[in-house]
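The primary structure of each chain is shown beneath.
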Amino acid sequence: MPELPEVETVLRTIAPASRGRRVRRVWGSRQPLRGGQPVPVAALRRALAGRRLARWWRRGKYLLAAVEGGRSVLALHLGMSGRLRIQRPGEPRAPHTHLVLGLEGGLELRLVDARRFGTVLLLDARRLVHEPPLAALGPEPLGRGALRPAAFARALARRRGPIKNALLDQRLLAGVGNIYACEALFEAGIDPRRPAAELDAKEAAALLAALRRTLGRAIRHCGTTLRDHADGWGVRGRYQRLLRVYGRAGEPCRRCGAPIVQLVQAARSTFACLRCQR
DNA sequence: TAGAGCCTGCGG
DNA sequence: CCGCAGGCTCTA
């Protein structure tokens, strides 16, 4: 499901609904999530139970939550199919529910993830940025402290392989996934197969600007719902209607009319208009 | 730096 | 039935 705009959309509903509420109950499925790691229920109970959720934020595709007076930070990654929902305790639990945080005031945060590519971690608040998994993340594309064009150009110059693959590498830039990599390359008019190191400073700056515009627009439309994505209340995103290339193989380019092609790069589908993207 | 692998569900 | 899916990790 989730790239930066989808995670941001979830954050913006989860945070106000749960901030300041105490965690009353912690329940975890016993099934393994990504890497065979089950939800660390006992550690979560120790770290969270009885404490107020003080702050939620996002880093790349990770959702992070700090509790008042706690030394640990809850980190959630939604993988491909993960959803985080706010529901009442009485509502039936969806299949593949892996984590439930019961909050004071009678709300529950529920993590549902059919494919189990997501993760639930408890991180040391003091070492947060120095330890995996956050230490490995590159700069954010948006907001304060965001990646700057010159640094982006320099990083690209050092890379091997196609620009599309580079955009998916979270060490270069955190939060971009397959949809927005394709969309931003279209917006910038850059062929996804071009070697990353071949882009000049001007092209790198144009690509970064296109990424920012695309991600910002997607956030304003509450993300792209192809199948699973919804905000904390279950409201679907609307950006899928605005996709220019992703998922449109064979359909005419909205700009020039040439058919959108589907390629395979790094074992993922790439969508592009090879007339507009050079 | 590619490719396989991890999982389930869905659409062709 | 097969192939494919919004991610990431490990292996050659």
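Residues numbered from 1 in each chain as written. Chains lettered and ligands numbered in written order. Predicted model: local features only at pLDDT ≥ 70, side-chain atom pairs only at ≥ 80, totals over all residues. Heavy atoms only, no water.

Student: I would appreciate a short explanation of the pattern of salt bridges in the present structure.
Tutor: Opposite charge on two side chains permits pairing when their charged atoms draw close. On inspection of all chains with the given rule, the structure shows 19 salt bridges. The partner of Glu-68 in a salt bridge is Arg-52, and the shortest N-O contact between them spans 3.9 Å. Taken as a pair, Glu-68 in the loop between β3 (62-67) and β4 (72-77) and Arg-52 in the loop between α2 (41-48) and β2 (53-59) lie far apart in primary sequence, 16 residues in all. Taking relative accessible area as the criterion, Arg-52 reaches 27% and is therefore assigned partly exposed. In this structure, a network of salt bridges that share partners links the residues Glu-8, Arg-12, Arg-58, Arg-59 and Glu-140. (Salt bridge = Lys/Arg side-chain N within 4 Å of Asp/Glu carboxyl O. Helix = DSSP H or I, 4+ residues; strand = E, 2+ residues; numbered from the N terminus. Buried < 20%, exposed > 50% of the residue type's maximum accessible area, 1.4 Å probe, protein only.)

Student: How do you make sense of the nonpolar core when you look at a structure like this?
Tutor: In terms of nonpolar packing, the biggest core is built from 38 residues, with Phe-152, Leu-156, Ile-163, Leu-167 and Leu-207 touching the most fellow members. Looking at this core, the elements with two or more residues in it are α3 (149-157), α4 (163-168), α5 (178-188) and α6 (201-220). When residues of this core are assigned to their parent elements, the largest contribution, seven residues, is made by α5. Excluding anything up to four places from it in sequence, Leu-167 contacts Phe-152, Val-176, Ala-181, Leu-185, Leu-207 and Leu-211. Counting 31 residues, the second-largest nonpolar core is a separate cluster that includes Ile-14, Val-23, Leu-48 and Ile-86. (Core = buried A, V, L, I, M, F, W, Y, C linked by side-chain atoms within 4.5 Å. Contact = heavy atoms within 4.5 Å.)

Student: Where do I start with the layout of surface pockets in this structure?
Tutor: The gaps left among the atoms become clear once a water-sized probe is rolled over them. Estimates place the volume of the second largest pocket at around 220 Å³. In terms of residues, the lining of the second largest pocket owes the most to one element, helix α1 (residues 4-18), which gives three residues. Residues belonging to the lining of the second largest pocket are distributed by class as follows: three nonpolar, one polar and five charged. (1 Å grid on protein atoms, 1.4 Å probe; cavity = no way out; pocket = protein on both sides within 12 Å on 5 of 7 lines; lining within 4 Å. Points joined across faces, edges and corners; volume = space filled by probe spheres on them. Nonpolar A, V, L, I, M, F, W, Y, C, P; charged D, E, K, R; others polar.)

Student: When you look at the domain arrangement of chain A in this model, what are you seeing that I'm missing?
Tutor: Taken domain by domain, chain A consists of domain 1 (4-136) and domain 2 (149-272). Look at where the C-alpha atoms of domain 1 and domain 2 centre, and you get two points 27 Å apart. Listed by partner, the interface residues are 20 residues for domain 1 and 20 residues for domain 2. Counting the surface lost from both domain 1 and domain 2, the interface buries some 1700 Å², and carbon and sulfur atoms represent 64% of this. On inspection of domain 1 and its partner domain 2, the count reaches zero salt bridges. Where domain 1 touches domain 2, the interface holds eight residue pairs in polar contact (both at pLDDT 80 or more). Listing elements by their share of the side of domain 1 that touches domain 2, those giving two or more residues are α1 and β5 (82-87). Counting residues per element, the side of domain 1 that touches domain 2 draws most heavily on α1, which supplies ten residues. (Domains from an automatic or database assignment. Buried area = accessible area lost by both parts, 1.4 Å probe. Polar contact = N/O pair within 3.5 Å; in protein donor to acceptor, adjacent residues only side chain to side chain.)

Student: How should I be thinking about empty space enclosed by the protein in this particular structure?
Tutor: Counted according to the given criterion, the structure contains one cavity of 30 Å³ or more. The space that makes up the largest cavity amounts to roughly 30 Å³. Lining the largest cavity are Trp-56, Leu-76, Leu-84, Leu-99, Leu-101, Leu-109, Arg-110 and Leu-111. Every element with two or more residues in the lining of the largest cavity is listed here: β6 (97-103) and β7 (107-113). A total of three residues in the lining of the largest cavity trace back to one element, the largest contributor, which is β7. Among the residues forming the lining of the largest cavity, the class breakdown is seven nonpolar, no polar and one charged.

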